[in-house]
Amino acid sequence: MKKNRIQLQEGLSLNKFIATYGTEQQCEVALEKSRWPEGFRCPKCNSERHSCHRRNNVLIFQCSNCRKQVSLTEGTIFHSTKLTLVQWFQAMFFLTQNKNNVSTLELKRHIGVGYSAAWRLKHKLMQVMYERETTTILSGRVEIDDAYLGGANPGGKAGRGSENKVPFIAAIQTNSKHNPIYAVFSQVKNFSLDEVSSWAKRSLAPGTEVVSDGLHCFAAVADAGCNHQREVVGKGRKSTDMECFTWVNTILGNLKTAINGTYHAFDFEKYAHRYLGEYQYRFNRRFDLASMFPRLVYAAAHTGCRPESWLRLAVD
Ligand SMILES: [Zn+2]
């Protein structure tokens with residue numbers, strides 16, 4: 001697919017968004033449909049029969065069979081939220097329809113909430129995107145490279161092995177016309193054979209043709225049943241000049257601009273997997289901007305409660 005077809009697609013306009021999700025009731029209906037696409041099911045006895053009422057303005061579903069009560073947001077990413085669904089939906093709109101990443105500060109201004117609430121909103125939604133992407137598996141022809149996030153560290157060494165940077169693997173699947181289709185960006189502990197081996201088993205289908213530079217650890221993709229094409233860089237042969245790395249170089253450049261330009265470096269070490277997950281989520285759905293919004297609502301309704309204390313532990 002050509003780049004301009006991606007850039008020129010209509011997406012979800014602000015007008016259409018307001019007309020469709022402008023009121024709390026509209027958002028409730030949309031969330032109910034996403035949570036129970038086949039209609040309400042009691043989480044305890046699986047009965048369909050139920051009644052609805054409000055308690056402190058919260059929509060409650062009560063099972064007519066076993067009397068179990070469940071609120072619309074209970075057990076989802078919206079669990080116990082003090083924000084309105086309209087505010088959550090607005091945040092999801094900005095996070096999916098913007099070309100660039102949206103920072104906590106921007107979200108705070110757009111939605112009109114305090115900084116802490118905006119932080120929770122942003123990190124919960126990034127967590128939804130990250131979890132949704134953990135099952136993405138690349139196949140066919142895949143360009144891979146080692147990369148780092150952060151790096152505002154004047155005393156550190158340049159390039160590979162720099163201190164205070166978060167190492168990650170960038171992998172881009174291309175099609176027969178050599179256009180990029182899907183991407184995986186995974187935080188790793190280091191670039192060792194063991195790390196690359198377990199990453200490849202999680203992220204690559206057996207039989208994948210992997211193209212990498214000469215970095216030794218990439219040989220471990222063979223553990224996942226992949227074929228490895230090693231292109232040695234150096235002595236007047238830079239990876240940026242080599243056609244076989246066009247896409248991984250280009251997309252890595254865009255990712256670093258988007259992430260380094262939006263977020264503070266001190267957050268990278270702790271939450272890198274989530275920032276990478278957010279970027280990956282949008283990249284892998286960029287062919288259909290308009291459906292990205294309802295798909296994120298669905299994913300949010302099917303991701304469990306992720307409290308702030310848990311989010312701040314930041315363990316992958
Ligand atoms: Zn029941």
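Along each chain, numbering runs from 1 in the same order as the chain's sequence is written. The model is predicted, so local features are restricted to residues of pLDDT at least 70 and side-chain atom pairs to those at 80 or more, both for listing and for counting; the totals for chains, interfaces and linings are taken over all residues. Computation of side-chain values: all heavy atoms of the structure, hydrogens and water removed.

1. Some remarks on the overall build of the protein
Every helix listed is a DSSP run of H or I at least four residues long, and every strand listed is a run of E at least two residues long, numbered separately from the N terminus. Within the protein one finds 11 helices and eight strands. Only C-alpha atoms enter the radius of gyration; for comparison, a globular chain is expected to reach 2.2 Å times N to the power 0.38, where N is the number of residues. Computed over the C-alpha atoms, the radius of gyration of the protein is 22 Å, within 12% of the 20 Å expected from 2.2 N^0.38 for a compact globule of 316 residues. Counting only C-alpha atoms and orienting by the principal axes, one finds that the protein spans roughly 70 × 40 × 40 Å. Exposure categories follow from relative accessible area, calculated using a 1.4 Å probe and restricted to protein chains: below 20% of the type maximum is buried, above 50% is exposed, and the middle band is partly exposed. Burial status across the protein gives 48% buried among its 316 residues. For the protein, the share of sequence-separated contacts (at least 6 apart) that also reach a separation of at least 24 residues comes to 61%. Of the roughly 16,000 Å² of accessible surface on the protein, 49% is carried by carbon and sulfur atoms. Within the protein, the 28 negative side-chain charges are centred at a point lying 5 Å from the centre of the 42 positive side-chain charges. Note on contacts: a residue pair is in contact if any heavy atoms of the two residues lie within 4.5 Å. Residue burial considers only the protein chains on display, and all accessible areas are found by Shrake-Rupley using a 1.4 Å probe. In this count, Lys and Arg are taken as positive residues and Asp and Glu as negative ones, while His and the chain termini are left out. By convention, charge coordinates are those of NZ in Lys, CZ in Arg, CG in Asp, or CD in Glu.

2. Here we look at the sheet that holds strand β1 (residues 50-55)
Across the sheet, which stays open at both edges, the three strands sit in the order β1-β2-β3 with antiparallel pairing between neighbours. Taken across any chain shown, the strands that pair with only one partner, and hence form the sheet edges, are β1 and β3 (69-71). Between one strand and the next, the sheet's axes are offset by a mean angle of 30°, whatever the strand orientation. For two strands to be treated as a pair, DSSP must find no fewer than two bridges joining them. Bridge analysis of β1 against strand β2 (residues 58-63) gives six bridges, and the strand direction is antiparallel. Residue pairing across strands places cysteine 52 opposite phenylalanine 61, the latter belonging to β2. Between N-to-C directions, angles span 0 to 180 degrees; the directions come from axes that are lines fitted to C-alpha atoms, helices contributing only their stretch in contact.

3. Things to note about the packing of aromatic side chains
Classification of ring pairs uses Phe, Tyr and Trp, with its six-membered ring standing for Trp, and accepts pairs whose centres are within 6.5 Å; under 30 degrees between planes counts as stacked, over 60 as edge-to-face, and the remaining range as tilted. One pass over the structure, following the stated rule, counts 14 aromatic pairs. Judged by centre distance (4.9 Å) and plane angle (50°), the ring pair of tyrosine 21 and phenylalanine 293 falls under tilted. Placement of the pair is tyrosine 21 in helix α2 (residues 14-21) and phenylalanine 293 in helix α10 (residues 289-301), with a sequence separation of 272 residues. Residue tyrosine 21 shares its accessibility class with phenylalanine 293, and that shared class is buried. Where tryptophan 36 meets phenylalanine 40, the ring centres are 4.9 Å apart and the plane angle is 70°; that geometry is what we call edge-to-face. The class of tryptophan 36 is buried, set by a relative accessible area of 11%.

4. A few points about the coordination of the zinc ion
With distances of 2.3 to 2.4 Å, the protein atoms coordinating the zinc ion are Cys42 (SG), Cys45 (SG), Cys63 (SG) and Cys66 (SG). Here the zinc ion is ringed by four donor atoms whose angles at the metal span 101 to 117°, and the overall shape comes out tetrahedral. Any nitrogen, oxygen or sulfur atom within 2.8 Å of a metal ion counts as a donor, with the limit raised to 3.2 Å for Na, K and Ca, and since water is left out, coordination shells can look unfinished. Counting residues between consecutive donors of the zinc ion along the chain gives the motif C-x2-C-x17-C-x2-C. Here cysteine 66 lies in the loop between β2 and β3 and cysteine 45 lies in the loop between α3 (24-35) and β1, a separation of 21 residues in the sequence. The exposure class assigned to cysteine 66 is partly exposed, which follows from its relative accessible area of 25%. Square planar and octahedral sites, with four and six donors, are those where opposite donors lie more than 155 degrees apart and all other angles lie between 65 and 115, tetrahedral sites have four donors with every angle between 85 and 135 degrees, and the rest are irregular.

5. Focus on the domain arrangement of the protein
One widely used convention gives an interface's size as the accessible area the parts lose upon coming together. Boundaries of every domain are those given by an automatic assignment or by a domain database. Parsing the protein into structural domains produces domain 1 (3-20 + 84-133 + 289-313) and domain 2 (141-278). Computed from C-alpha atoms alone, the centre-to-centre distance between domain 1 and domain 2 is 26 Å. Residue-level contacts link 15 residues of domain 1 with 11 residues of domain 2. A quick way to say it: buried area is the sum, across both parts, of accessible area lost when two parts are put together, with a 1.4 Å probe. Of all residues in domain 1, Asn101, Met126 and Tyr130 give up the largest surface area on contact with domain 2, accounting jointly for 40% of the area buried on that side. Salt-bridge detection follows one rule: a side-chain nitrogen of Lys or Arg within 4 Å of a carboxyl oxygen of Asp or Glu. On the surface where domain 1 and domain 2 come into contact, there are one salt bridge. Here a polar contact is taken to be a pair of N or O atoms separated by no more than 3.5 Å, where protein atoms must pair a possible hydrogen donor with a possible acceptor and residues adjacent in sequence count only if both atoms sit in side chains. The interface formed by domain 1 and domain 2 includes six residue pairs in polar contact (both at pLDDT 80 or more).

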